[in-house]
Amino acid sequence: MKIAILGAAGRMGRKLCELASGTPLEVVAKIDVADGFDRTWPAETEGIIDFSYHTALPSAIDKAAQDGIAYVIGTTGITPEEQAHVDAAAKKIPVVQSGNYSLGVNLLLALVRQAAATLGPDYDVEITEMHHKHKKDAPSGTALMLAKSANEGRAEINAATDGFIYGRKGDTGERPAGEIAIHALRGGSVVGDHTVMFAGELERVELTHKAQDRAAFAAGALKAMAWAKGKSPGIYTMRDVLGL
Ligand SMILES: NC(=O)c1ccc[n+]([C@@H]2O[C@H](COP(=O)([O-])OP(=O)(O)OC[C@H]3O[C@@H](n4cnc5c(N)ncnc54)[C@H](O)[C@@H]3O)[C@@H](O)[C@H]2O)c1
């Protein structure tokens with residue numbers, strides 16, 4: 001399968017190009033705004049893996065939909081307006097979209113859903129994430145997915161992402177029941193740490209994932225690309241790819 005990498009000069013892009021060489025996927029375009037990289041993909045391209053910047057997404061996915069080729073979105077921090085382009089494209093092409101392509105985090109999402117369902121609303125959910133100092137968006141896409149999984153497990157209030165609390169400051173008052181709070185830490189070279197804490201009156205449960213190498217995300221994204229080939233139009237997640 002002939003693929004193009006969008007954001008090829010970046011941390012994830014470089015890792016994707018490196019790992020793709022050991023798979024049946026052939027990288028025919030390395031696209032980036034950086035000097036010396038391609039600006040678009042050739043006609044023979046059958047799929048795009050995008051780990052660039054959210055503002056690059058609308059025009060790229062519009063073109064992929066015109067070309068009728070599969071699209072894997074790794075980029076996070078996507079605005080509702082940009083997401084509308086994704087939703088429109090998914091009527092014409094298969095799109096895989098995930099805030100985290102690692103096997104471990106996708107297992108963690110399932111475990112968080114189960115823990116939230118078992119422990120119920122008496123256990124307060126607090127999520128922390130830490131990433132390297134170069135990360136441009138906060139909170140991480142993974143932290144948002146974890147918050148949604150906890151919410152699904154409890155199947156109650158704060159169903160919308162906007163209902164989550166992002167950090168605390170000042171006279172916040174007592175913590176309301178059902179609140180889900182997300183805290184973003186930045187520093188050094190941390191690839192990606194996430195902890196979901198369930199704090200009860202008598203005990204705490206903490207579920208943690210620590211990514212040690214970007215290859216964990218890159219391998220999952222390459223797997224998603226190969227999986228997406230020939231699929232019907234629609235938006236898929238790593239749950240579909242991994243059959244979780
Ligand atoms: N879903 C996941 O599993 C996962 C994992 C890691 C990172 N990410 C996300 O992937 C994205 C990239 O992360 P990174 O750490 O590699 O960032 P990075 O800054 O190292 O790389 C991004 C690259 O995109 C390029 N770029 C910016 N605008 C562009 C445009 N208009 N067209 C083409 N290229 C453009 C930049 O020049 C840069 O080389 C971020 O949104 C990050 O949050 C997702």
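Residues numbered from 1 in each chain as written. Predicted model: local features only at pLDDT ≥ 70, side-chain atom pairs only at ≥ 80, totals over all residues.

Draft legend 1. Looking closely at the sheet that holds strand β2 (residues 26-31). Spatially, six strands are ordered β2-β1-β3-β4-β5-β11 in an open sheet, and the strand pairing comes out parallel. On the outer flanks of this sheet lie β2 and β11 (234-236), each paired with one strand and no other. Across the sheet, the mean angle from the axis of one strand to that of its neighbour is 20°, orientation sign disregarded. Its contacts with the sheet put helix α2 (residues 57-67) on β1 (2-6), β3 (47-50) and β4 (70-73), and the angle it makes with β3 is roughly 165°. (Pairing = 2+ DSSP bridges. Helix = DSSP H or I, 4+ residues; strand = E, 2+ residues; numbered from the N terminus. Axes fitted to C-alpha atoms, helices over the stretch in contact; angles between N-to-C directions. Contact = placed C-beta atoms within 7 Å.)

Draft legend 2. Region of the structure containing the pairing of β1. Among the five residues of β1, four are classified as buried, and the element is accordingly described as predominantly covered. Note: β1 against β2, five bridges, orientation parallel. Residue L6 lies in a different strand from β2, and its bridge partner there is I31. Read from β1 through helix α1 (residues 11-20) to β2, the crossover connection turns out right-handed. (Buried ≥ 20, exposed ≤ 12 C-beta atoms within 10 Å, placed from the backbone. Right-handed = clockwise from strand over helix to strand, strands pointing away.)

Draft legend 3. Looking closely at helix α6 (residues 215-228). In a regular helix each residue adds 1.5 Å, so 14 residues correspond to 20 Å; α6 covers 20 Å between its end C-alpha atoms and thus fits that length. In the stretch just after α6, G230 is the one whose phi turns positive, near 80°. (Expected span 1.5 Å × (residues − 1).)

Draft legend 4. Seen up close, α2. Within α2 the residues assigned to the buried category are L57, A60, I61, A64 and A65. Burial along α2 is one-sided: seen end-on, the buried residues are contained in an arc of 135°. For α2, the exposed residues lying more than 90 degrees away from the buried face are S59 and Q66. Taken together, the buried residues of α2 touch β1, β3, β4 and α3 (80-89). (Arc of directions from axis to C-beta.)

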